[in-house]
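# Structural overview for review
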Amino acid sequence: MKLTMIGLIALATHLFVGISYAQPAADVSSSNATISNELEQRVIEWRRDIHQHPELSNREFRTAGVVAEHLRALGLEVTTEIAHTGVVGILRGGRPGPTIALRADMDALPVQEMTDVPFASTATGEYRGREVPVMHACGHDLHVAMLMGAAEYLAGVQEQLAGNVMFIFQPAEEGAPEGEEGGAELMLKEGLFDIAKPEAVLGIHVWSAGTTGHIGYRKGPLMASSDRFEIRVRGEQTHGSRPWGGVDPIVVASQIINNVQTIVSRQVDITKAPAVVSFGIVEGGVRNNIIPDEVYLEGTIRNFDMGIRSQIFEKLTTTAEMTAAASGAKAEVTIHEGYPVTVNDPELVARMMPTTERVIGRDKVYEADLVTGAEDFSFYAMEVPGMFVFLGITPPNQEPSTAPSNHSPYFYADEAALRVGTELFINWALDYPATH
Ligand SMILES: [Zn+2]
Ligand SMILES: [Zn+2]
């Protein structure tokens with residue numbers, strides 16, 4: 001029943017959009033392709049539906065089903081179950097031209113929704129062996145809905161379209177569950193770009209630090225790399241009253257924490273790119289008068305230059321090992337490489353900027369500050385030129401800098417941004433071939 005209804009609506013909209021687009025198709029570079037109010041409404045409905053049914057990373061089964069069904073109804077070539085739940089649709093334009101990829105991520109977070117929207121999530125999921133509340137607290141529900149809307153519009157103008165559009169619906173951007181692989185890296189590993197190798201990949205992230213419909217962009221590095229490190233400091237247990245009877249890993253751990261501070265402040269060239277090294281876990285000992293055998297440290301490394309990144313890995317290891325050795329202890333450093341630096345291709349940004357400014361208004365496009373958060377969009381952008389932008393979703397009557405941030409239980413998105421994001425995807429896809 002549901003299948004038939006959606007199929008009919010899709011077909012009706014498909015036809016309607018196709019007809020309504022007929023005139024502006026001749027000159028896409030000077031006029032905006034805009035979506036009908038009816039399609040906007042459906043994008044809003046998709047978003048609310050997905051918001052009400054959020055799914056954790058690598059568990060996006062329902063979401064992937066909704067997306068795949070939609071893309072098939074539009075007549076796209078659809079591949080499913082790539083990187084667990086990923087869905088890819090290829091739309092082949094009626095005219096020759098390059099292939100470009102548009103990307104949306106699909107996963108939600110273990111967060112208890114505290115907003116008062118009528119479609120607030122009451123869903124739960126399993127996270128680290130426990131049942132947890134689940135919420136689309138990073139706005140990936142908006143990404144999915146916008147890209148579904150863009151696919152529908154572009155399918156409606158397939159004959160006029162030059163080149164092909166690859167729609168990437170990606171799982172697990174927030175990170176796969178422990179012991180699993182996932183996200184962009186796994187999609188590539190499983191042959192995403194063997195389906196089609198795009199000439200460029202474009203992505204949008206909604207964020208509350210921007211006003212609805214405003215776009216923050218940046219040429220070059222935009223978001224940091226994110227790597228987790230563990231340090232095990234091994235000493236030798238002794239009584240707290242007789243420290244000379246062993247090797248105290250607590251004092252050594254504190255020295256390591258201090259000495260590591262000089263990596264960013266003294267040892268890497270900060271004129272190239274800023275960097276952060278933070279400790280988040282210090283664990284050791286059970287009782288006031290027992291010096292333990294071992295102390296465990298864990299932290300995160302962020303930066304904006306892949307060269308500096310490897311320097312920090314090396315210096316962190318040397319600093320920990322040598323500091324420990326000076327006291328007769330041992331430090332074992334393990335670095336778990338996470339997401340690389342998200343780098344926007346300067347030439348691609350320059351090419352797509354006129355379209356971006358035309359679609360949303362020049363006064364609403366601004367150069368974003370560097371963001372020390374990370375994105376696995378970076379993996380695509382290491383393979384082909386990439387452009388990732390931030391779309392503001394905080395209503396104009398509110399101060400975006402104080403709005404609840406992404407990942408907050410109070411994260412709120414102004415749905416007026418959905419039209420903007422959908423039309424950006426559409427116009428980028430239509431204009432890209434002409435920017436050669
Ligand atoms: Zn997030
Ligand atoms: Zn996100």
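As a reminder, the structure under discussion sits directly above these lines.
The structure reproduced in this document is the subject of the present report. All of these numbers come straight from a predicted model, not from anything done at the bench. (Residues numbered from 1 in each chain as written. Chains lettered and ligands numbered in written order. Predicted model: local features only at pLDDT ≥ 70, side-chain atom pairs only at ≥ 80, totals over all residues. Heavy atoms only, no water.)

### With respect to the overall build of the chain
- Looking only at helices and strands, the chain features eleven helices and 18 strands.
- For 436 residues, the compact-globule estimate of 2.2 N^0.38 gives 22 Å, and the chain sits close to it at 24 Å.
- For the chain, the C-alpha atoms occupy an extent of roughly 85 × 45 × 45 Å along the three principal directions.
- Sequence separation of 24 or more characterises 83% of the internal contacts of the chain that already satisfy a separation of 6 or more.
- As displayed, the chain has an accessible area near 18900 Å², and 51% of this comes from carbon and sulfur atoms.
- Taken as two groups, the 32 positive and 56 negative side-chain charges of the chain have centres that lie 3 Å from each other. (Helix = DSSP H or I, 4+ residues; strand = E, 2+ residues; numbered from the N terminus. Rg over C-alpha atoms; globule rule 2.2 N^0.38 Å. Contact = heavy atoms within 4.5 Å. Areas by Shrake-Rupley, 256 points an atom, 1.4 Å probe, with all protein chains shown as cover. Lys, Arg positive; Asp, Glu negative; His and termini not counted. Charge placed at Lys NZ, Arg CZ, Asp CG, Glu CD.)

### Focus on the environment of Gly421
- If you trace the backbone, Gly421 turns up in helix H11 (residues 416–431).
- A sequence separation of 310 residues divides Gly421 from Val111, and the C-alpha atoms of the two residues are 25 Å apart.
- Once residues lying within four places of it in the same chain are set aside, the contact partners of Gly421 are Met146, Ile204 and Leu391.

### Things to note about the coordination of the zinc ion (ligand 2)
- The zinc ion (ligand 2) binds to the protein through Cys138 (SG), His140 (NE2) and His205 (NE2); the donor distances cover 2.1 to 2.5 Å.
- Spacing between the donor residues of the zinc ion (ligand 2) along the chain follows C-x1-H-x64-H.
- Between the two metals, the zinc ion (ligand 2) and the zinc ion (ligand 1), the spacing is 3.1 Å, and Cys138 donates to both. Of this pair, Cys138 sits in the loop between strand E5 (130–133) and helix H4 (140–156) while His205 sits in strand E7 (residues 200–211), and the two are 67 residues apart along the sequence.
- Judged by relative accessible area, which is 7%, Cys138 ranks as buried. (Donors = N, O, S within 2.8 Å, 3.2 Å for Na, K, Ca; no water. Buried < 20%, exposed > 50% of the residue type's maximum accessible area, 1.4 Å probe, protein only.)

### Points about the coordination of the zinc ion (ligand 1)
- In this structure, Cys138 (SG), Glu174 (OE), Glu174 (OE) and His407 (NE2) serve as the protein donors to the zinc ion (ligand 1), at separations of 2.0 to 2.8 Å.
- Metal-centred angles of 51 to 151° between the four donor atoms at the zinc ion (ligand 1) mark the site as irregular.
- Written as a sequence motif, the donor arrangement for the zinc ion (ligand 1) is C-x35-E-x232-H.
- Owing to a relative accessible area of 24%, Glu174 belongs among the partly exposed residues under this scheme. (Tetrahedral: all angles 85-135°; square planar, octahedral: opposite > 155°, others 65-115°.)

### Quick look at H4
- Over its 17 residues, H4 runs 25 Å from end to end, which matches the ideal 24 Å to within 8%, given 1.5 Å per residue.
- Burial within H4 is extensive, with 17 of its 17 residues counted as buried. (Expected span 1.5 Å × (residues − 1).)

### Regarding the pattern of salt bridges
- Throughout the structure, instances matching the rule amount to 24 salt bridges.
- Here Arg103 and Asp105 are joined by a salt bridge, their closest N and O atoms 3.7 Å apart. Taken as a pair, Arg103 and Asp105 share a single burial class, namely buried.
- A salt bridge links Arg103 to Asp376; the shortest N-O distance between them is 2.8 Å. Within this pair, whereas Arg103 is found in strand E3 (residues 95–105), its partner Asp376 is found in the loop between strand E17 (365–367) and helix H10 (377–383), the two being separated by 273 residues in sequence. (Salt bridge = Lys/Arg side-chain N within 4 Å of Asp/Glu carboxyl O.)

### Thoughts on the pairing of E3
- Counting buried residues along E3, eight of its eleven residues qualify, which places the element largely inside the surrounding structure.
- As paired strands, E3 and strand E6 (residues 162–170) are joined by eight bridges and run parallel to one another. Note that in E6 the partner of Leu102 across the bridge is Phe167.
- Examined bridge by bridge, E3 and E7 share four bridges and lie parallel to one another. What sits directly across from Arg103, in E7, is Gly203. (Pairing = 2+ DSSP bridges.)

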